[in-house]
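Summary of structural features
Chain by chain, the residues:
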Amino acid sequence: MAELLMMAAAEVLDKRQLWLQTLASERRFSENTLTAYERDSRQFLTFLTGHFGGPVSLDDIAALKPSDLRAFLAARRKEGSGSRSLGRYLAGLRSFLRFLQRQGLVNAAGAEAVRAPKQPKSLPKPLSEKDATRLVEAGEQLQDEPWLAARDAAVLTLLYGCGLRISEALDLTPAAFAGEATSLRITGKGGKMRLVPLLPAVLVAVNDYRKLCPYHLPENEPLFRGARGGKLQQAIIQRQMQKLRSALGLPDSATPHALRHSFATHLLSGGGDLRSIQELLGHASLSTTQVYTGVDSARLLDVYERAHPRARA
């Protein structure tokens, strides 16, 4: 807190904290996004302290010009930030300034005048059907305790079998599987609700874990538990995936989120339509889902070049 006080007036810090709370309670931003926005805004205030030669006041923020924001982005780029990070910095700063503008404290027009850095176009890197299937098998998990192996398999199966984000899977409770559930009601980004079909293989994996789990699992508390009984953290699954991909000889792109990419890509390859896949993934815009058509086209072109006799002419 002492560091924060040195770089900004108390009124600025109070407004910043209120903004972050609003993003969490009203906008329902994810924990990862909130952490990034907190860090980014702190770095921005630190930059402005040096830029203006003293702790930042609301008057300083109100007087910001596009050139000040560009100077911050240039400083971050010089320190190694890529285009995606710079785009996130700008999005967070615009959000903060709009929040202050709604309270009549600043004019956010300067931030709106700054163009976001051009983002590099990159396609998701899904796994092959064979590799995805291996990753979700309980027998492949690198855990000494059978219940932990079943837990990891169940989480990964939810990512691949239902297209969930890892945070969505870890937020599930036993109540989501009550009765003879055939679908899951998922709360995604921005509090958006969606229904996802519950495949028999997914239900089997979850039930296997529940049978072996040594902890009592109340209906409305986290389903997936860590070794000591607390809510399972994302970092544990990410570390296990890192070990697993090394053991199976898979590339670094084989991450938990790659299983969600694989879910979408394999559905599209099997004849699924984009609108349905958009709903299953919980994407707000169809344009976000359309990236998978590029993955499928690239895969088909690769098959064509390897298999068609005229491709080698």
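Residues numbered from 1 in each chain as written. Predicted model: local features only at pLDDT ≥ 70, side-chain atom pairs only at ≥ 80, totals over all residues. Heavy atoms only, no water.

Observations concerning the overall build of the chain
Along its length, the chain carries 16 helices and 2 strands. Looking at the chain as a whole, 43% of its 313 residues are labelled buried. The long-range share in the chain, meaning contacts at least 24 apart out of those at least 6 apart in sequence, stands at 60%. For the chain, the computed accessible surface area is about 16800 Å², with 52% contributed by carbon and sulfur atoms. (Helix = DSSP H or I, 4+ residues; strand = E, 2+ residues; numbered from the N terminus. Buried < 20%, exposed > 50% of the residue type's maximum accessible area, 1.4 Å probe, protein only. Contact = heavy atoms within 4.5 Å. Areas by Shrake-Rupley, 256 points an atom, 1.4 Å probe, with all protein chains shown as cover.)

Notes on the confidence of the model for the chain
Of all residues in the chain, 85% attain a pLDDT of 70 or more, and the chain-wide mean is 82. The low-confidence segment residues 1–5, where pLDDT is below 50, has 5 contacts with residues more than four positions distant or belonging to other chains. (pLDDT = per-residue confidence, 0-100.)

Points about helix α9 (residues 146–162)
Within an α-helix, residues lying three or four positions from one another point in the same direction, as the helix has 3.6 residues per turn. Its 17 residues place the ends of α9 23 Å apart at the C-alpha level, agreeing with the 24 Å of an ideal helix rising 1.5 Å per residue. A large share of α9 lies buried, amounting to 16 of its 17 residues. Looking one or two residues beyond α9, the residue adopting positive phi is Gly 163, at roughly 70°. (Expected span 1.5 Å × (residues − 1).)

Remarks on the pairing of strand β2 (residues 193–197)
The alternating pattern of β2 places Arg 194 and Val 196 on a buried face, while none of Met 193, Leu 195 and Pro 197, on the opposite face, is buried. Bridge count between strand β1 (residues 183–187) and β2: 5 bridges; the pairing is antiparallel. Bridged to Leu 184 within β2 is Val 196. What sits between the antiparallel neighbours β1 and β2 is a turn of 5 residues, in which Gly 190 has the positive phi angle 70°. (Pairing = 2+ DSSP bridges.)

Things to note about the packing of aromatic side chains
Applying the stated criterion across every chain, the model contains 9 aromatic pairs. Centre to centre, the rings of Trp 19 and Tyr 37 are 6.0 Å apart; their planes meet at 10°, and the pair counts as stacked. Remark: Tyr 37 occurs in helix α3 (residues 31–52) and Trp 19 occurs in helix α2 (residues 10–25); sequence separation between them is 18 residues. One exposure class covers both Trp 19 and Tyr 37, and it is buried. With a centroid separation of 5.7 Å and 65° between ring planes, the pair formed by Phe 72 and Tyr 89 is classed as edge-to-face. With a gap of 17 residues between them, Phe 72 in helix α5 (residues 66–78) and Tyr 89 in helix α6 (residues 83–102) connect regions that are remote in the sequence. By relative accessible area, Phe 72 is classed as buried at 1%. Exposure remark for Tyr 89: the relative accessible area of 5% places this residue in the buried category. (Phe/Tyr/Trp six-rings, centres within 6.5 Å; stacked < 30°, edge-to-face > 60°.)

Quick notes on the pattern of salt bridges
Across all of its chains, the model carries 12 salt bridges by this definition. Asp 68 is the salt-bridge partner of Lys 65, the closest N and O atoms lying 3.9 Å from each other. We classify Lys 65 as partly exposed; its relative accessible area is 46%. A salt bridge links Arg 165 to Glu 168, with the nearest nitrogen and oxygen atoms 2.5 Å apart. When its relative accessible area of 12% is taken as the criterion, Arg 165 is described as buried. When salt bridges with common partners are traced through the structure, they connect Arg 16, Glu 38 and Arg 42 into a single cluster. (Salt bridge = Lys/Arg side-chain N within 4 Å of Asp/Glu carboxyl O.)

A short note on the nonpolar core
Nonpolar side chains in soluble globular proteins tend to be buried together. Within the largest apolar cluster, 47 residues are counted, with the highest numbers of intra-cluster contacts made by Leu 158, Leu 164, Tyr 209, Phe 224 and Leu 259. Of all the secondary-structure elements, those providing two or more residues to this core are α8 (129–135), α9, α10 (166–170), β1, α11 (200–212), α12 (234–248), α13 (256–269) and α14 (274–281). Broken down by element, the residue count for this core peaks at 10 residues, all from α9. Discounting chain neighbours no more than four positions away, the residues touching Leu 158 are Gly 163, Leu 164, Ala 169, Leu 172, Phe 177, Leu 184, Val 202, Val 206 and Phe 224. (Core = buried A, V, L, I, M, F, W, Y, C linked by side-chain atoms within 4.5 Å.)

Quick word on the packing of α3 against α6
Packed helices, taken two at a time, are described by the angle their axes make and the gap between the axes. Viewed as axis vectors pointing N to C, α3 and α6 meet at an angle of 85°, and their least axial separation amounts to 9 Å. Regarding the angle of α3 to α6, the classification is roughly perpendicular. Mapping the contact onto sequence places Ala 36, Tyr 37, Arg 39, Asp 40, Gln 43 and Phe 44 in α3 and Arg 88, Tyr 89, Ala 91, Gly 92 and Leu 93 in α6. Of the residues contributing to the contact of α3 with α6, the split by class is 6 nonpolar, 2 polar and 3 charged. (Axes fitted to C-alpha atoms, helices over the stretch in contact; angles between N-to-C directions. Parallel < 35°, antiparallel > 145°, perpendicular 65-115°, else oblique. Nonpolar A, V, L, I, M, F, W, Y, C, P; charged D, E, K, R; others polar.)

Things to note about the environment of Ala 9
With respect to the secondary-structure elements, Ala 9 resides in the loop between α1 (2–7) and α2. Taking the C-alpha atoms as reference points, Ala 9 and Pro 55, 46 residues apart in sequence, are found 6.1 Å from one another.

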